[in-house]
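Each chain is listed here by its residues.
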Amino acid sequence: MSSLSVVYDGAEIYGKVSVARCWHEMHAWGALDSLSITFGDARSLWDGWAPAAGDAIEVSDGAARTGRMYVRDVARRSSAVTLRAYPAPQSLLEQKCRSWESVQLLQLLGQIASEAAMAYECYGVANHLYAYVEQRNESDLAFLSRRLTYEGASLVVYDGRLIAYSGVWAESQAAAKAIVVVPGNDYELDDAAGRAYGSCLVTDGLTEGRFAAGPGRQLKRIVADRISDAAEAERFACGLLREANRSAATMRIRTDSLLREWAAGSPVDVRCTAAPSWSGPGIVSRLRHDYFGAKSKIWINRPLRSY
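Residues numbered from 1 in each chain as written. Predicted model: local features only at pLDDT ≥ 70, side-chain atom pairs only at ≥ 80, totals over all residues. Heavy atoms only, no water.

Q: What is the right way to read the overall build of the chain from this model?
A: When helices and strands are tallied, the chain shows 5 helices and 22 strands. A compact globule built from 307 residues should have a C-alpha radius of gyration of about 19 Å, and the chain, at 21 Å, falls within 12% of that. Projected onto the principal axes, the alpha-carbon positions of the chain cover approximately 65 × 50 × 30 Å. The long-range fraction of contacts in the chain, counting pairs at least 24 apart against all pairs at least 6 apart in sequence, stands at 63%. Taken as a whole, the chain presents about 14,200 Å² of accessible surface, with 49% of it coming from carbon and sulfur. Side-chain charges in the chain split into 35 positive and 35 negative, and the spacing between the mean points of these groups amounts to 4 Å. (Helix = DSSP H or I, 4+ residues; strand = E, 2+ residues; numbered from the N terminus. Rg over C-alpha atoms; globule rule 2.2 N^0.38 Å. Contact = heavy atoms within 4.5 Å. Areas by Shrake-Rupley, 256 points an atom, 1.4 Å probe, with all protein chains shown as cover. Lys, Arg positive; Asp, Glu negative; His and termini not counted. Charge placed at Lys NZ, Arg CZ, Asp CG, Glu CD.)

Pasting the structure below:
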């Protein structure tokens, strides 16, 4: 635990407090990263510090780090204080109503990042032009996530950055790490690939498009967003099909050490002697670091590859 660092509003506090529990959850898609940390407070320090929503906190242990996060909830029980924090500032979570005409995807990303005083990065995402886009009583985070989903991409918020990346791009990268699973390891396998959708039909009520990846059930999605033409509808159908199928096959592994250099969204080479059919490429879809217990839990999904 000597390498653990807890920086609160710019000040290192780990030497002044006792950490009873510290979990950092990282997600490649579908949810924000989160930090849940519990401090022992026998000396009632936190009452004087007055922790509040919006305060900045960052935890690190060597190469493993949460990046800058913002406190959302503060809970006190007996002589303990639990903070829950997320990487998105409050401005990204406020509901807004606005619209754009003739706007490109990266213009939307750049504008929202600038308004939140954040940087942005983009990997493998085509800069498509939209005739009309509307944000209807929803947060910037929900709005951007939905637009990126249509394009087969995901949004990650980390350490003051909005990061957009396409699923196809991520799956094309060389494996950053390898993990070996042998009998006796603590792991679980869920495989619903046989129930995955083979195609998707999307419509806004006026324009529709269909994308087929192979045999299987058809997914139908009616979207509230305006679709310009059949080509755009087909592209959206592909993105929505990817979203529906990307977690069809999942491996969960609990480790007895902290995977400090691992990150959600990374490609990985799975070597599973316990179940050889699972050996091959995978994508880290979720990762939980237990800093206090010095161990991790990792979720790995099979890549879709074909679309």
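Q: Whenever I open this one, the side chain of D33 confuses me. Can you help?
A: Tracing the backbone through its elements, the reader meets D33 in the loop between β3 (18–27) and β4 (34–40). The side chain of D33 sits in the buried core without any salt bridge; R286 is the nearest counter-charge, 9.0 Å away. With residues near it in sequence (within four places) discarded, D33 still touches H24, E25, M26, H27, M69, A85, Y86, P87, V157 and Y158. (Buried < 20%, exposed > 50% of the residue type's maximum accessible area, 1.4 Å probe, protein only. Salt bridge = Lys/Arg side-chain N within 4 Å of Asp/Glu carboxyl O.)

Q: It is not clear to me how the pattern of salt bridges should be interpreted in this structure. Could you clarify?
A: Oppositely charged side chains are able to pair whenever their charged atoms sit close together. Scanning the entire structure with this criterion turns up 27 salt bridges. R260 is paired through a salt bridge with D61; the nearest N and O atoms lie 3.3 Å apart. Of this pair, R260 sits in the loop between β19 (249–254) and β20 (267–272) while D61 sits in strand β5 (residues 56–61), and the two are 199 residues apart along the sequence. Take D61: its relative accessible area is 3%, and that puts it in the buried class. Here D140 makes a salt bridge to K96, at a shortest N to O gap of 2.8 Å. Of the two residues, D140 sits in helix α3 (residues 140–150) while K96 sits in strand β9 (residues 95–104), which places them 44 residues apart along the sequence. Residue class for D140 comes out buried when judged on its relative accessible area of 2%.

Q: What should I look at first to understand the pairing of strand β1 (residues 4–8) in this one?
A: Taken residue by residue, a regular strand's side chains alternate between the two faces of the sheet. The element β1 is extensively covered by neighbouring structure, given that 4 of its 5 residues are classed as buried. Strand direction decides the pairing type here: β1 and β5, joined by 5 bridges, are antiparallel. Residue pairing for β5: V6 is matched across the bridge by V59. Hairpin geometry of β1 and strand β2 (residues 11–12) is characterised by an intervening segment of 2 residues between the two adjacent antiparallel strands and by a positive phi of about 50 degrees at D9. (Pairing = 2+ DSSP bridges.)

Q: Looking at this structure, how should I read helix α5 (residues 230–245)?
A: Counted at 1.5 Å a residue, the expected span for α5 with its 16 residues is 22 Å, and the 22 Å between its end C-alpha atoms agrees. Looking at the packing, one finds that the buried side of α5 touches β11 (129–139), α3, α4 (167–172), β16 (197–203), β17 (208–212) and β18 (217–222). (Expected span 1.5 Å × (residues − 1).)

Q: Would you explain the packing of aromatic side chains in this entry?
A: The description of an aromatic ring pair rests on the distance of the ring centres and on the angle between the ring planes. If you walk through the whole model with that rule in mind, you get 7 aromatic pairs. Between the aromatic rings of Y8 and W46, the centroid separation amounts to 5.3 Å while the plane-to-plane angle is 80 degrees, which identifies the pairing as edge-to-face. Of this pair, Y8 sits in strand β1 while W46 sits in helix α1 (residues 45–49), and the two are 38 residues apart along the sequence. Judged by its relative accessible area of 8%, Y8 is buried. Each ring, one from F39 and one from W46, has its centre 4.8 Å from the other, and the planes form 35 degrees; the classification is tilted. Looking at F39, the relative accessible area reads 0%, which means it is buried. Joined through ring pairs, the aromatic side chains of Y8, F39, W46 and W49 make up one cluster. Lying over the aromatic face of Y197, R217 brings its terminal NZ or CZ to 4.2 Å of the ring centre. Between the NZ or CZ atom of R242 and the centre of the ring of Y307, over which it lies, the distance is 5.9 Å. (Phe/Tyr/Trp six-rings, centres within 6.5 Å; stacked < 30°, edge-to-face > 60°. Lys NZ or Arg CZ within 6 Å of the ring centre and 35° of its normal.)

Q: Would you mind showing me how to read the pairing of β3 here?
A: Pairing between β3 and β4: 7 bridges, direction antiparallel. Counterpart to H24 in the pairing with β4 is L35. Linkage of β3 to β4, two consecutive antiparallel strands, is achieved through a turn of 6 residues, within which G30 is found at a positive phi near 85 degrees.

Q: Teacher, can you tell me more about the sheet that holds β17 here?
A: Two orientations exist for strands paired in a sheet by backbone hydrogen bonds: parallel and antiparallel. What the 3 strands build is an open sheet, ordered β17-β16-β18; its pairing is mixed. Sheet topology places β17 and β18 at the edges, where each strand pairs with a single neighbour. Averaged over all pairs of adjacent strands, the angle between strand axes in this sheet comes to 15 degrees, irrespective of strand direction. As paired strands, β16 and β17 are joined by 5 bridges and run antiparallel to one another. (Axes fitted to C-alpha atoms, helices over the stretch in contact; angles between N-to-C directions.)

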